[in-house]
Amino acid sequence: MANESRSRTARHDSKKSSGNKKVPKNKNTRKSSIGSILLKIFMGLFFLGCVAILSGMGLFWWYAKDAPALDESKLDSTVSSRFYAANGDLITEFGSETREKITASDIPQQLEDAIVSVEDRRFYQHIGVDPIRIVGSALSNATTGGMQGGSTLTQQLIKLSFFSTNAEDQTLRRKAQEAWMAVRLEQTKSKQEILTYYINKVYMSNGLYGMQTAATKFYGKSLDELDLAQTALLAGLPNAPSAFDPYVNPDNAKKRRDVVLKAMLDNEKITQDEYDTAVAEEVQEGLQDISDDNQEWKYFDNYFNEVIAEVKEKTGKDVYTDGLDIYTNIDVDAQKRLYDIVNSDDYIDYPDDEMQVAATLIDVNTGKVTAQIGARNNDAVLGNNLAVNVTRDFGSTVKPITDYGPAFQFLENSTGRTILDEPYNYVGTDIPIYNWDRQYMGNITLRTALVQSRNVPAAKLFEEVGADNISDFLSGLGIEYNAITQSNAISSNTDKIDGSKYGISSLKLSAAYAAFANGGTYYEPQYVNKIVYQDGTEDEDSFNVSGEKAMDDTTAYMVTDILKDVISQGTGTNARIDGLYQAGKTGTSNYTDDQLAQLDTSNGAYPDITFAGYTPSYSLAVWTGYNDKMTPITDSSTHVASDVYRELMRFVSSSVENTDWTMPDGLTRIGNELYLAGSYTQPSYSSTSSYSSSSSSETTEPSSESSESTESSSSEESIPSSSSEEPPASSTPETTPSSSEESTPSSSDNGESSAPPSPPESSEDTNE
């Protein structure tokens, strides 16, 4: 028993000792555990990758199943847009009429090498999409922050034929459909056929589609007659036709051409010597003037230029590549008549072929631009549109919108309020403002001051109303100045342009005057009514314009009532149309003294002459001048602006009702003058000291003393000279409180100087 007990105790102690002893872990076991974890992670990632791939494939097929059918007619046709008139009639299909196509067998090897080298080097190896190119582009974009595309030539053709080319439309759905259609196309068409479709379809700038068309128009040659540099230029154009246009942007065009040449060199399609010779060639070498064979297009060129810009601005769509149906606001009959008035001698006696005309006709009740021309004797395609140019001076046509409208609106003046026309300086300076005749009429009514286009009263009103109020008033009419000054009382000059943001153009002036015509509502001018996309959807909302109240109806009527007198008996009698109710204003700018010293002034010399007027239906602003500002309008041609106005306004008014404006509630007519209801008192007179910068009231009676001579004026230095509009001989005042002996105009409103309004420098204000 004892032995058994000891044995049992020993065994117990042995177990206890064994239990307290630590056993070292196996290193192989630890490694096996890490490997197991990594395997699980790899398997998880592999599984997630498979899920992602399958999901991507599923999403791809989900998108691709709705892709458009491959329509060969769309592959062959251009993606040019169609322009429609206001009445819905088709005017033209942009660019399609002059397209010249080439067959697959006629494609020059040099052109093929250039296109493939720069656009799709693996064109002959891929199946429509190029995974290698896609991955390479993605890596390049990730490392450089660039936006290199991965599309093949086949995908580009699909995009041009079936989809929008705008960046915002490059959705995942679109890219999937594009890729799927490219693969399908490669299964039905040969590489050479695809390349041929591409060459014949691409937009090449200047309204031209297809490389053969561009070769003929640019160089007067076929594609196989072009040298290497010219071929490279055409091959690179479709990437960004407007940006690389050799006529407009030669520096950009050269850079793009040289990129193509470098791609050809790297692709071993040309030698180093050929490359060196080609890059040394002037980019405009061999370019010829582009003429448009479409005789109808000439009537609409300037108008369609603005249509294209408006579509881009309001929708982001590209008229050249998105195949849009664009319904414009153009009145074809009015547009063609305006073109003929400006470009023939059937209506107006022009002094020479170089004089330019810019005119804009607007429907006053909608803001729709119904006709516009921005150049005379100009055959350029989509040429410069002077009708939207804000660099020229519109003279005294600014007075109704800058001085008198604000005075009626903010000061509640009447047309019968009298103001002293006297020697007067720009505020804070010793620079005097002159009237066109270098004389002063004494106390005159605001009606007489505007009808006779006196500068001193206009400048005084500007100071009374204040620049801030005037800026607000002008802003309501779509007009801004970077920094408005008192000289803008008689001039549209501005110290900053910023595109067309600041200053005044024919377009802006016509839209502003339209607000007077319709009772005070401003409509932003618009060229487009709606667009229809390739899928049939319409977009009208982008082009809807709701009018904004810019002034009281009483203000609009008071200005109109005075401007009716401008045409019937003031400076604008040349624009008179028998029996037509209309209102208008003349405007002329002046040269500085330094500029006048360089010119022959014996027959008058004026850089800009304008006439703007309106009826209850239409507003029309006409500018005349020369592209070279130092080529002056002389006394014998000051009538042209009002001639153009009269001829077109007579034509368009013949088809609408001729009604007079109705005086709104809130106005009272006493004699010939208008007063806000209940405000009539004895007329007050602003009496500003001859060299003072402020105005005060007097109670003297209106004077009728000034005898207006035909002396043309000159502006001293650079301040906008006051308008030098001389009332016509036939404009003896009949209803204005004051009278003046008016001589036949030698310079029909020779107006504000063309110098910037700030700071004042010129002392001779002879604008009308």
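Note that the structure is predicted; figures quoted are calculated from it, not measured.

Each value, and the rule that gives it
Along each chain, the written sequence defines residue order, and numbers are assigned to residues from 1. Whole-chain, interface and lining totals are the exception, using all residues; otherwise, since this is a predicted model, local features are given only for residues with pLDDT of at least 70 and side-chain atom pairs are given and counted only at 80 or more. Note: side-chain values were computed over all heavy atoms of the structure, leaving out hydrogens and water. Put simply, DSSP H or I for four residues or longer makes a helix, DSSP E for two residues or longer makes a strand, and each gets a number counted from the N terminus. Each residue is assigned to one of three classes by its accessible area relative to the maximum for its type, calculated with a 1.4 Å probe on protein chains only: buried under 20%, partly exposed between the two thresholds, exposed over 50%. Per-residue and other accessible areas were derived by the Shrake-Rupley procedure at a 1.4 Å probe size, with only the shown protein chains allowed to occlude residues. What pLDDT reports is the predictor's confidence in each residue, on a scale of 0 through 100. Note on contacts: a residue pair is in contact if any heavy atoms of the two residues lie within 4.5 Å. Convention adopted: a line fitted to C-alpha atoms gives each axis, helices being fitted over their contacting stretch, and angles between N-to-C directions are expressed from 0 to 180 degrees. For classification, angles of less than 35 degrees are called roughly parallel, those exceeding 145 degrees roughly antiparallel, those between 65 and 115 degrees roughly perpendicular, and all remaining angles oblique. Put simply, a crossing is left-handed when the front helix is turned counterclockwise from the back one by less than a right angle, and right-handed when it is turned clockwise. Think of it as three bins: nonpolar holds Ala, Val, Leu, Ile, Met, Phe, Trp, Tyr, Cys and Pro, charged holds Asp, Glu, Lys and Arg, and polar takes everything else, Gly as well. Centres within 6.5 Å make a pair out of two Phe, Tyr or Trp rings, where for Trp the six-membered ring is used; the pair is then stacked when the planes are under 30 degrees apart, edge-to-face when over 60, and tilted otherwise. What makes a salt bridge here is a side-chain nitrogen of Lys or Arg within 4 Å of a carboxyl oxygen of Asp or Glu, nothing more. A pair of strands is treated as paired once DSSP finds two or more bridges between them. Among the buried residues, those of types Ala, Val, Leu, Ile, Met, Phe, Trp, Tyr and Cys that are joined through side-chain atoms within 4.5 Å form a nonpolar core.

**Looking at the overall build of the protein**
Phase 1: The helix and strand inventory of the protein stands at 22 helices and 23 strands.
Phase 2: Across the 768 residues that make up the protein, the buried fraction comes to 55%.
Phase 3: When the accessible surface of the protein is totalled, it reaches about 32100 Å², and 48% of it is carbon and sulfur.

**Details of the confidence of the model for the protein**
Phase 1: Here the protein averages 83 in pLDDT, and 76% of its residues register 70 or above.
Phase 2: Predicted confidence for residues 686–723 stays below pLDDT 50, and this span has 194 contacts to residues more than four positions away or in other chains.
Phase 3: This model gives residues 726–765 a pLDDT under 50, and the stretch forms 218 contacts once residues within four places in sequence are excluded.

**Overview of the packing of helix α15 (residues 399–410) against helix α20 (residues 553–569)**
Phase 1: The contact between α15 and α20 brings their axes to 9 Å, and the two run at 130°. Taken together, α15 and α20 sit at an angle that is classed as oblique. α15 and α20 meet at a crossing whose hand is right-handed. Counted together, Pro-400, Gly-405, Phe-408 and Gln-409 of α15 and Thr-555, Met-558, Val-559, Ile-562 and Leu-563 of α20 form the full contact between these two elements.
Phase 2: Per-class residue counts for the contact of α15 with α20 are 6 nonpolar, 3 polar and no charged.

**As for the packing of aromatic side chains**
Phase 1: In this structure the tally under the stated criterion is 21 aromatic pairs.
Phase 2: The interplanar angle of 55° and the centroid separation of 5.0 Å between the aromatic rings of Tyr-203 and Tyr-209 together place this pair among those described as tilted. Residue Tyr-203 shares its accessibility class with Tyr-209, and that shared class is buried.
Phase 3: Ring centres of Phe-218 and Tyr-247 lie 5.3 Å apart, and the angle between their planes is 80°; this geometry places the pair in the edge-to-face category.

**Examining the pattern of salt bridges**
Phase 1: Counting across every chain of the model gives 25 salt bridges.
Phase 2: Across the pair Lys-254 and Asp-258 runs a salt bridge whose closest N-O atoms are separated by 2.7 Å. Of this pair, Lys-254 and Asp-258 are both found in helix α11 (residues 250–266), 4 residues apart, which corresponds to roughly one turn of the helix.
Phase 3: Classification of Lys-254 by relative accessible area gives partly exposed; the value is 31%.
Phase 4: Residue classification places Asp-258 among the buried residues on the basis of a relative accessible area of 16%.
Phase 5: For Glu-538, the salt bridge goes to Lys-530, with nearest N and O atoms at 3.4 Å.
Phase 6: On the basis of relative accessibility, which here comes to 16%, the residue Lys-530 falls in the buried class.

**Some points on the pairing of strand β3 (residues 325–328)**
Phase 1: Residues Asp-325 and Tyr-327 line one face of β3 and the alternating positions Ile-326 and Thr-328 line the opposite face, and both faces are buried.
Phase 2: Across 3 bridges, the pairing between strand β1 (residues 82–84) and β3 is parallel. Each residue of the ladder has a partner; that of Phe-83, found in β3, is Ile-326.
Phase 3: One ladder, built from 4 bridges, connects β3 with strand β11 (residues 528–532); its direction is antiparallel. Residue Tyr-327 lies in a different strand from β11, and its bridge partner there is Lys-530.

**As for the sheet that holds β3**
Paired through their backbone hydrogen bonds, the strands of a sheet run either parallel or antiparallel.
Phase 1: The strand order across the open sheet formed by 5 strands is β2-β1-β3-β11-β12, and the pairing between neighbours is mixed. Lying at the two open borders of the sheet, with one neighbouring strand each, are β2 (90–93) and β12 (538–539).

**Quick look at the nonpolar core**
Phase 1: Core analysis: the biggest nonpolar cluster contains 124 residues, and Ile-401 and Val-644 have the highest contact counts within it.
Phase 2: Among the elements that make up this core, the one with the highest residue count is helix α19 (residues 506–517) (9 residues).
Phase 3: Setting aside residues up to four positions removed in sequence, Ile-401 forms contacts with Pro-406, Phe-473, Leu-474, Leu-477, Ile-479, Ile-504, Leu-509, Ala-512, Tyr-513 and Phe-516.
Phase 4: Core analysis: the next-biggest nonpolar cluster, separate from the first, contains 54 residues, Phe-163, Ala-182, Phe-244 and Ala-253 among them.

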